[in-house]
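Listed here are the chains, written in short residue letters.
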Amino acid sequence: MGDIRTTVGEEMPSTKTERKSRVIKNVAITIAAAALIILIGFVIRVPKYVAATGYATTTLYSEARSAATGRISEILVFSGDTVKAGDPLLKLEDDAERAAVSEAEGQVAEAVAQLALKEASVAETLRLHNDKIRLAEMELKYAEEQLEVTKLLHEKGLASGRKLSDDEFNVTRSRETLKTLKETDITIGQREIDVLKKEISTRKDTLERAKAALEERTVRAPIDGRAARYTFYVGEMLRPDMVLYEIFNGEVNLLKLRIPERYATKVEPGMRLKAKLGTYKTIIPTRFYGHVDEMRDIVEGEGNNNYRVAYCSFDRKMHNVPPGTSAEAKIRIGKVSIWQLIFQP
């Protein structure tokens, strides 16, 4: 017979069925808890922000870019300088453009001189021709008067028939001479003048284009204000898409922010933002609040980073914010679930 052992105050060992039931119960609780957590993650919605960087700018603000591609030959304005609209900021190499303007000016001057000579020549030709017509008219009138006299004398037997024939011939010849002079085409000279005038107009257009190309080699201030110069140097090759200067004028009440391209379509005018400015980055930084005013449509790039620019109004809270102050902002683009926030940053 086997030994029989007993314990006092201890539970009997679980049966196989009980152990299986407990495992199923624990799995069910775990699944229910996970489902509840997942559900809560979808139900609870939290604000989502897009991070943006930029700087403070003014009510009147403009960027200065080069209208043409070329190398810098001279830098005329530096950061902090005050400029007036139209002031030159920098110049590009322009030897070829200056040569083109000089050549075009020479061609215009040559054509103008040719026109002056042709007009003088045509005027003299016309004067001589009109003199010949007046002389031919006088000769015809004289010949007709002589013929009338000869006719009277011939009727009275005082003039021969030969004389009468000679006078009639003189009248006919004078009439033909006058007719030929009047039918002579002297407008060819005027047509040549018209051609020269068109040539001058064409050459002047070429000169204006050459001057415009030369003017494009100078970058000028678009507005009055204080300049902030980007980093560039004499000899550097510039392109029209490069911002060279920013001109600030008026009250500082805008933030110019760069929105990463992947988020740009989600940012719209009216969305609220909060920002920290470089001037007020302390242990407890001052926060500035505002909203998006405008989104530029153009996608710009710097290195491998593409972005769109947003102009945003903000409350300075009576703080003195210099233009160009760096800004780190968060733009609230709406609410998303916790899971969207985690898995779709």
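We now turn to the structure provided with this report. Every chain begins its residue count from 1, and numbering advances along the sequence as written. Given that the model is predicted, a residue must reach a pLDDT of at least 70 before its local features are reported, and side-chain atom pairs must reach 80 or more before they are shown or counted; all residues, however, enter totals for whole chains, interfaces and linings. Heavy atoms throughout the structure, all of them, feed into the side-chain values; hydrogens and water do not.

Observations regarding the sheet that holds strand β5 (residues 218-220)
And then number 1: With antiparallel pairing, the 4 strands of this open sheet are ordered in space as β5-β4-β2-β7. The outermost strands of the open sheet, each flanked by one partner alone, are β5 and β7 (237-238).
And then number 2: Of the pairings in the sheet, the one linking strand β2 (residues 70-75) to strand β4 (residues 88-92) comprises 3 bridges and is antiparallel in character. Its bridge partner being in β4, Ile 72 is matched across the sheet by Leu 92. The pairing criterion is simple: DSSP has to find at least two bridges between the two strands. Helix and strand definitions here come from DSSP, where helices need a minimum of 4 consecutive H or I residues and strands a minimum of 2 consecutive E residues; each element is numbered from the N-terminal end.

Examining the layout of surface pockets
And then number 1: In this structure, the largest pocket spans a volume of roughly 570 Å³.
And then number 2: With a 1 Å grid laid over protein atoms only, a set of points is called a cavity when a 1.4 Å probe fits there but cannot get out and a pocket when it is open yet has protein on both sides within 12 Å along at least five of seven lines; lining residues have an atom within 4 Å of a point. Forming the walls of the largest pocket are 26 residues, and the residues nearest its centre are Val 243, Arg 258, Gly 301, Glu 302 and Tyr 307.
And then number 3: Counting residues per element, the ones that place at least two in the lining of the largest pocket are β1 (45-65), β8 (243-260), β11 (300-302) and β12 (305-314).
And then number 4: Approximately 160 Å³ is the volume found for the second largest pocket.
And then number 5: Contributing to the lining of the second largest pocket are 13 residues, with Val 122, Thr 125, Ile 186, Gly 189 and Gln 190 lying nearest its centre.
And then number 6: Mapped onto the lining of the second largest pocket, the elements with two or more residues apiece are α2 (95-155) and α4 (188-215).
And then number 7: Broken down by element, the lining of the second largest pocket gets its largest block of residues, 6 residues, from α2.
And then number 8: Its residues assigned to classes, the lining of the second largest pocket shows 5 nonpolar, 5 polar and 3 charged. Grid points are joined across faces, edges and corners, and a volume is the space filled by probe spheres set on the points. Note on residue classes: Ala, Val, Leu, Ile, Met, Phe, Trp, Tyr, Cys and Pro are nonpolar, Asp, Glu, Lys and Arg are charged, and everything else, Gly too, is polar.

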